[in-house]
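# A look at the structure
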Amino acid sequence: MYPHIPYLPVQFTEAEMLQRSRDFYGHMNRRRTVRNFSDRPVPKEIIENILRTASTAPSGAHKQPWTFCVVSDPAIKSQIREAAEAEERESYNGRMSEEWLRDLAPLGTDWQKPFLETAPWLIVVFKKAYEMEGGERRKCYYVSESVGIAAGFLLAAIHHAGLVSLTHTPSPMNFLQKILDRPDNERPFLLIPVGYPAEGATVPDLVRKPLEKIAVFYETNQIGLENG
Ligand code: IYR
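This text gives an overview of the structure that appears in the document. (Residues numbered from 1 in each chain as written. Predicted model: local features only at pLDDT ≥ 70, side-chain atom pairs only at ≥ 80, totals over all residues. Heavy atoms only, no water.)

## Some points on the sheet that holds strand 1 (residues 66-71)
Within the open sheet, the four strands sit side by side as 1-2-6-5. Their pairing is antiparallel. Every interior strand has two partners, whereas the edge strands, strand 1 and strand 5 (164-165), have only one. Here strand 2 (residues 121-128) runs beside strand 6 (residues 186-195); their pairing, made up of eight bridges, is antiparallel. Considered in strand 6, the bridge of leucine 122 is made with proline 193. Helix 6 (residues 143-161) rests against strand 1, strand 2, strand 5 and strand 6 of the sheet, and its axis sits at about 10 degrees to strand 6. (Pairing = 2+ DSSP bridges. Helix = DSSP H or I, 4+ residues; strand = E, 2+ residues; numbered from the N terminus. Contact = heavy atoms within 4.5 Å. Axes fitted to C-alpha atoms, helices over the stretch in contact; angles between N-to-C directions.)

Here is the structure:
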């Protein structure tokens, strides 16, 4: 067992919590997936802090089953773009269903992925199907859940820093394992370009579902109690 230490609670008054929860929602609601990136450089230390934040995510048995591969090398970015576009070209020209293409049409995406070279940093998130420890295979648990949560923290940290990201999922993306020379236990999960938005960048004017559409509350039935 780990030695246990007192939890240091982050404490606020109810009024402060109300304000903070509102403010945080307002801040997160401004996050948008951006597809047009500026090539303006972003200091490495900002990226390092963002990655540290991502790695604070909870994970099954605290295995932290993720590796973040961070690419700024233009030669590697070009290789990634070329391989991603080759797969995407095939996907858009036959591998994706009619329904899928219709669902994507409002977003205006296509097989071309210039942002893979323009964005100053590409973060490639790998999930670890298992871990190697001293030549031995060790299990990881709830890997997709854990890495999905870490990726969520990553996107929030990128936004919090004032940068933009794109959750890109070239498919299939095993080419990333080869280009980045990752071991057998690591599988590519998401490819996330990070940087500043291009000047004049636009985003689709989409609407997020209201609370009533995304949440169901089960509370004590006050009327039932009074009558019962
Ligand atoms: N991977 C492709 C297609 C794509 C799929 C979904 I679902 C999106 O929300 C957006 C794009 C691409 O990156 O273009």
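## Considering a nonpolar patch on the surface
On the surface, Tyr7, Val10, Phe12 and Met17 cluster together into a nonpolar patch covering about 450 Å² of accessible area. With respect to the helices, strands and loops of the structure, tyrosine 7 is situated in the segment before helix 1 (14-28). (Patch = residues over 30% accessible without salt bridge, like charges linked within 9 Å, V, L, I, M, F, W, Y side chains within 5 Å. Areas by Shrake-Rupley, 256 points an atom, 1.4 Å probe, with all protein chains shown as cover. Salt bridge = Lys/Arg side-chain N within 4 Å of Asp/Glu carboxyl O.)

## Details of the layout of surface pockets
If you add up the space inside the largest pocket, you get close to 330 Å³. Looking at the lining of the largest pocket, the elements that each hand over two or more residues are helix 3 (74-95) and helix 4 (98-104). Among the elements that take part in the lining of the largest pocket, helix 3 stands out by supplying four residues, more than any other. Taken together, Phe24, Met28, Ile46, Asn49, Ile50, Thr53, Thr56, Phe153, Ala156, Ala157, His160 and Ala161 form the lining of the second largest pocket. Among the elements of the structure, helix 1, helix 2 (44-54) and helix 6 are those that each provide at least two residues to the lining of the second largest pocket. When residues in the lining of the second largest pocket are grouped by element, the largest group, five residues, is from helix 6. A per-class count over the lining of the second largest pocket returns eight nonpolar, four polar and no charged. (1 Å grid on protein atoms, 1.4 Å probe; cavity = no way out; pocket = protein on both sides within 12 Å on 5 of 7 lines; lining within 4 Å. Points joined across faces, edges and corners; volume = space filled by probe spheres on them. Nonpolar A, V, L, I, M, F, W, Y, C, P; charged D, E, K, R; others polar.)

## Points about the site of the ligand
Close to the ligand lie Arg35, Glu88, Tyr92, Trp100, Leu104, Asp110, Lys113, His168 and Thr169. Glutamate 88 places a side-chain nitrogen or oxygen 3.0 Å from an oxygen atom of the ligand. Between the ligand and the protein, one listed contact pairs an oxygen atom with a side-chain N or O atom of histidine 168 at 3.1 Å. Its free accessible area being 370 Å², the ligand has 73% of it covered by the protein chains. Broken down by secondary-structure element, the contributors of at least two residues to the shell around the ligand are helix 3 and helix 4. For the shell around the ligand, the per-class residue count stands at three nonpolar, two polar and four charged. (Near = heavy atom within 4 Å. Polar contact = N/O pair within 3.5 Å; in protein donor to acceptor, adjacent residues only side chain to side chain.)

## Some words on unusual backbone geometry
The linkage connecting serine 171 with the following residue, proline 172, adopts the cis geometry, with an omega of -10 degrees. Assignment of secondary structure puts proline 172 in the loop between strand 5 and helix 7 (175-179). Positive phi, close to 50 degrees, is recorded for alanine 61, a residue that is not glycine. You can see alanine 61 is positioned in the loop between helix 2 and strand 1. Overall, alanine 61 belongs to the exposed group, its relative accessible area being 58%. Even without a glycine there, the phi angle at histidine 62 is positive, about 50 degrees. Note that histidine 62 resides in the loop between helix 2 and strand 1. (Buried < 20%, exposed > 50% of the residue type's maximum accessible area, 1.4 Å probe, protein only.)

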